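# Report on the structure
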Amino acid sequence: MKSRQPNADAAVTSRYSDSDESASVDVSMSMSQGEGSDLPQLVRTTTRLEADIDKALRHLCMDEKITKEVWFEAAYQYLAEHPKAMKVVNGIAKERYQRRKRAADLRKLETIQKRLKG
């Protein structure tokens, strides 16, 4: 007889499933059993991404059936556990930040120039 114990991958997948089975869960019963106390506290944020990266990340997340927000969280957790990789990513991020800052300054100058001519 096969074990009814799901493997770890199945347990992770089932938490994010949109199946009819998950819709039948009694939320009030789950909350009363203390399961709601470990739910993550979420905050709403706005992110601005370069168009090409946003598109690629949206496709990746659709293929993996996850959200961009969850992907960002997982990437951060991985990097927090791997300091060398975090240092590399932080270096790339600083370079990208400087490039964005220069682009914003150029746009600002163009706007001022148009107003002066205008």
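Just above sits the structure.
Here's what I pulled together on the structure shown here. For clarity, every value in this text was computed on a predicted model and none was experimentally measured.

Attention now goes to the overall build of the protein chain. Looking only at helices and strands, the protein chain features six helices and zero strands. Overall, the protein chain shows an N-to-C arrangement of helices and strands of α-α-α-α-α-α. Scored against the burial criterion, the 118 residues of the protein chain give a buried share of 6%. Just so you have it, the protein chain exposes about 11600 Å², and 56% of that area is on carbon and sulfur atoms.

Moving on: the packing of helix 5 (residues 68–81) against helix 6 (residues 83–117). In the contact formed by helix 5 and helix 6, the axes pass within 5 Å of each other and the chain directions differ by 120°. For the element pair helix 5 / helix 6, the angle class is oblique. Taken together, the residues of helix 6 that come into contact with helix 5 (itself represented by Y76, L79, A80 and E81) are P83, A85, M86 and V89. Looking at side-chain class alone, the contact of helix 5 with helix 6 contains seven nonpolar, no polar and one charged residues.

Notably, K65 is not glycine yet its phi reads approximately 60°, a positive angle. Mapped onto the elements, K65 comes out in the loop between helix 4 (51–64) and helix 5. The exposure class assigned to K65 is exposed, which follows from its relative accessible area of 71%.

Side chains of L60, I66, V70 and W71 sit close together on the surface and give an oily, nonpolar patch of about 290 Å² of accessible area. Relative to the helices and strands, W71 is located in helix 5. The class of W71 is partly exposed, set by a relative accessible area of 33%.

Another point: helix 4. Between its terminal C-alpha atoms helix 4 stretches 20 Å, which fits the 20 Å expected from 14 residues at 1.5 Å a residue. Along helix 4, the positions that sit buried rather than exposed are D54, L57 and C61. The arc that holds the buried residues of helix 4, viewed along the axis, is 70°, so those residues lie on one side. Opposite the buried face of helix 4, at more than 90 degrees from it, the exposed residues are A51, D52, M62 and D63. Check the buried side of helix 4 and you find it contacts helix 5. Looking one or two places after helix 4, you find K65, whose phi comes out positive at around 60°.

What counts and what doesn't
Residues numbered from 1 in each chain as written. Predicted model: local features only at pLDDT ≥ 70, side-chain atom pairs only at ≥ 80, totals over all residues. Heavy atoms only, no water. Helix = DSSP H or I, 4+ residues; strand = E, 2+ residues; numbered from the N terminus. Buried < 20%, exposed > 50% of the residue type's maximum accessible area, 1.4 Å probe, protein only. Areas by Shrake-Rupley, 256 points an atom, 1.4 Å probe, with all protein chains shown as cover. Axes fitted to C-alpha atoms, helices over the stretch in contact; angles between N-to-C directions. Parallel < 35°, antiparallel > 145°, perpendicular 65-115°, else oblique. Contact = heavy atoms within 4.5 Å. Nonpolar A, V, L, I, M, F, W, Y, C, P; charged D, E, K, R; others polar. Patch = residues over 30% accessible without salt bridge, like charges linked within 9 Å, V, L, I, M, F, W, Y side chains within 5 Å. Salt bridge = Lys/Arg side-chain N within 4 Å of Asp/Glu carboxyl O. Expected span 1.5 Å × (residues − 1). Arc of directions from axis to C-beta.

By themselves, these are just geometric observations and shouldn't be taken as functional.
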